[in-house]
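Chain by chain, the residues run as shown.
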Amino acid sequence: QVQLVESGGGLVQAGGSLRLSCAASGRTFSSRAMGWFRQAPGKEREFVAGISGSGGYTNYADSVKGRFTTSRDNAKNTVYLQMNSLKPEDTAVYYCAGSATTVILRSPSGYNSWGQGTQVTVSS
């Protein structure tokens, strides 16, 4: 497992942008796929985006495709989620997660390390 710490959440108006960061500890970071999930009140945790261990492959939920971009800097043990054109329905707690494999998985059960979450609130 790795320890994950997210940052960058906050309050933004609809149409605005935020960039989330997730710093990881541990020497196996570059061998792990990383995922971003979110959970709104009363809803299940849902997949937002994922990136392979090398960073060469990404995958996005349909609801954020074209608006969100995930990237990683393995030299800094950090993964990012750039969120543009934010909508009120993007409001949620956002979590980064580390997989035990290099393959991007969409199910939360595929990840064994989780950050504490960061709140993103988009006002209309």
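Calculation criteria
Residues numbered from 1 in each chain as written. Predicted model: local features only at pLDDT ≥ 70, side-chain atom pairs only at ≥ 80, totals over all residues. Heavy atoms only, no water. Helix = DSSP H or I, 4+ residues; strand = E, 2+ residues; numbered from the N terminus. Buried < 20%, exposed > 50% of the residue type's maximum accessible area, 1.4 Å probe, protein only. Contact = heavy atoms within 4.5 Å. Polar contact = N/O pair within 3.5 Å; in protein donor to acceptor, adjacent residues only side chain to side chain. Disulfide = S-S within 2.5 Å. Phe/Tyr/Trp six-rings, centres within 6.5 Å; stacked < 30°, edge-to-face > 60°. Lys NZ or Arg CZ within 6 Å of the ring centre and 35° of its normal.

Participant: Explain the environment of R38 residue by residue, including any values.
Facilitator: Relative to the helices and strands, R38 is located in strand β4 (residues 34-39). On the basis of relative accessible area, R38 is assigned to the buried category, the value being 6%. When the C-alpha positions of R38 and A75 are compared, they lie 26 Å apart, and in sequence the two are 37 residues distant. Among residues more than four places away in sequence, those in contact with R38 are E44, R45, E46, V48, S63, V64, F68, E89, D90, A92, V93 and Y94. Here the side chain of R38 touches S63 through a polar contact of 3.5 Å, side chain to side chain.

Participant: So what's going on with the state of the cysteines? Which residues, and what values?
Facilitator: Each disulfide consists of a covalent bond between the sulfur atoms of two cysteine residues. Under the criterion given, the structure shown has one disulfide. With its sulfur 2.0 Å from that of its partner, C22 forms a disulfide with C96. Across the disulfide from C22 to C96, rotation about the S-S bond amounts to roughly 50°, and the bridge is consequently right-handed. Note that C22 is positioned in strand β3 (residues 18-24) and C96 in strand β9 (residues 92-99), a separation of 74 residues in sequence.

Participant: I'd like a rundown of unusual backbone geometry, residues and numbers included.
Facilitator: Positive phi, normally seen in glycine, also occurs at N77, with a value near 55°. With respect to the helices, strands and loops of the structure, N77 is situated in the loop between β7 (68-73) and β8 (78-83). Unusually for a residue other than glycine, S85 sits at a positive phi of about 50°. Topologically, S85 is positioned in the loop between β8 and β9.

Participant: Break down the packing of aromatic side chains for me, citing the residues and quoting the values.
Facilitator: Here the structure, examined in full by the defined rule, presents five aromatic pairs. Between F37 and F47, the ring centres sit 5.7 Å apart and the planes meet at 75°, which makes this aromatic pair edge-to-face. A residue pair is termed long-range when its members are at least 10 positions apart, and F37 in strand β4 and F47 in strand β5 (residues 46-51) qualify at 10 residues. A relative accessible area of 0% places F37 in the buried class. Pairwise contacts between aromatic rings join F37, F47, Y95, Y111 and W114 into one cluster. Across the ring face of Y95, the terminal group of R45 is positioned such that the distance to the ring centre comes to 3.8 Å. Cation over ring: R45 sits above W114, and NZ or CZ is 4.8 Å from the ring centre.

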